[in-house]
Structure formats: structure tokens, C-alpha cells
Amino acid sequence: MSTPIEKAIVWAKNNLHLNLNVYSMAEQVHMSPRNFHRRFTREVGSTPTKYVETIRLHKAKSHLELSEKSLEDIARETGFSSADRMRRSFIRSFNVSPSDYRERNR
């Protein structure tokens, strides 16, 4: 049986295009945002916000490797507010732009 946090993670991975914040994730598992944040951080070792950014980035990497979709389409599908926002997160996390990553990993 999965824990509420595990259920929230599965839901988040399946709904990257949505506004995934502590409130929406907590609502999915019928927890208060404060308690959800505390338990999530304790069980996962990361804040919900940071975790969501990480799964969005990994999904974006997969799209960059396997598809010809535009950066704007990938950003939208993975829940970034814009291609620029995705680019900034990508550079901060991987020290490479999405365009350069795509070029290197084709």
C-alpha cells in the first residue's frame, strides 16, 4: 500500500502540465498544506517545490532526447510557465541550455 506522499508523487508525475504547488498536491491526498510539506520533506528529502522542478526537468530531458517538439511545446507539456523559465532551470540544474543538451544527446 502506498503512502499519501507516494500517491501525491504519482499524481504529480501524471499531471506535470498543472500548477503543482503544495496546496494542490496536499489536496490530492486530503492533507493540510503545512502537514503535507513537512511529511513530504521528511520522507523524500526534498521540498515539494524542488521535487516537482526535478521531475519536470527530467521529463523535459526525455522530450529533448526523443522528440522534435519545440522548446515552447516541451516547456508547456512539462509544466514550466515558459521556455525561458525551463531554460533557466535547466542551466541551473545541468549547466547546459536545453538547446545545447538536445544537440549533444541526439
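These notes cover the structure that comes with them. Values in this document were obtained by computation on a predicted structure and should not be read as measured data.

**Comments concerning helix α4 (residues 48-66)**
Between the first and last C-alpha of α4 there are 27 Å, a value that for 19 residues agrees with the 27 Å anticipated at 1.5 Å per step. The complete set of buried residues in α4 reads Pro48, Tyr51, Val52, Glu53, Ile55, Arg56, Leu57, Ala60, Lys61, His63 and Leu64. Turning to α4, the residues buried within the fold contact α1 (4-14), α2 (22-28), α3 (33-44), α5 (71-77), α6 (83-94) and α7 (98-104).

**A few points about α3**
Taking 1.5 Å of rise per residue, twelve residues should cover 16 Å, and α3 covers 16 Å from first to last C-alpha, within 8% of that figure. One or two steps after α3, the chain reaches glycine 45, where phi turns positive at roughly 85°.

**Re the pattern of salt bridges**
Side-chain pairs of opposite charge can arise whenever the charged atoms involved come near each other. Across all of its chains, the model carries eight salt bridges by this definition. When the shortest N-O distance is used, the salt bridge between lysine 50 and glutamate 53 registers 3.1 Å. Taken together, the residues span about one helical turn, with lysine 50 and glutamate 53 both in helix α4 at a distance of three residues. With a shortest N-O distance of 3.0 Å, arginine 88 and aspartate 84 are connected by a salt bridge. Taken together, the positions of arginine 88 and aspartate 84, both in helix α6 and four residues apart, correspond to about one turn of that helix.

**Remarks on the side chain of serine 97**
Note on placement: serine 97 falls in the loop between α6 and α7. A polar side-chain atom of serine 97 sits 3.1 Å from the main-chain amide nitrogen of aspartate 100. Aside from chain neighbours lying at most four places away, what touches serine 97 is Phe90 and Ile91.

**A few points about the side chain of lysine 61**
Relative to the assigned elements, lysine 61 resides in helix α4. For the buried residue lysine 61, which engages in no salt bridge, the nearest side chain bearing the opposite charge is glutamate 65, 5.5 Å off. Ignoring anything within four residues of it in the chain, the contact list for lysine 61 reads Phe90, Phe94 and Tyr101.

**Brief notes about the environment of isoleucine 91**
Among the secondary structure elements, isoleucine 91 is positioned in helix α6. Residues isoleucine 91 and histidine 30 lie 61 residues apart in sequence; the distance between their C-alpha atoms is 35 Å. In this structure isoleucine 91 touches Val96 and Ser97, once residues within four positions along its chain are discounted.

Reading guide: rules and limits
- Residues numbered from 1 in each chain as written.
- Predicted model: local features only at pLDDT ≥ 70, side-chain atom pairs only at ≥ 80, totals over all residues.
- Heavy atoms only, no water.
- Helix = DSSP H or I, 4+ residues; strand = E, 2+ residues; numbered from the N terminus.
- Expected span 1.5 Å × (residues − 1).
- Buried < 20%, exposed > 50% of the residue type's maximum accessible area, 1.4 Å probe, protein only.
- Contact = heavy atoms within 4.5 Å.
- Salt bridge = Lys/Arg side-chain N within 4 Å of Asp/Glu carboxyl O.
- Polar contact = N/O pair within 3.5 Å; in protein donor to acceptor, adjacent residues only side chain to side chain.
- Lys, Arg positive; Asp, Glu negative; His and termini not counted.

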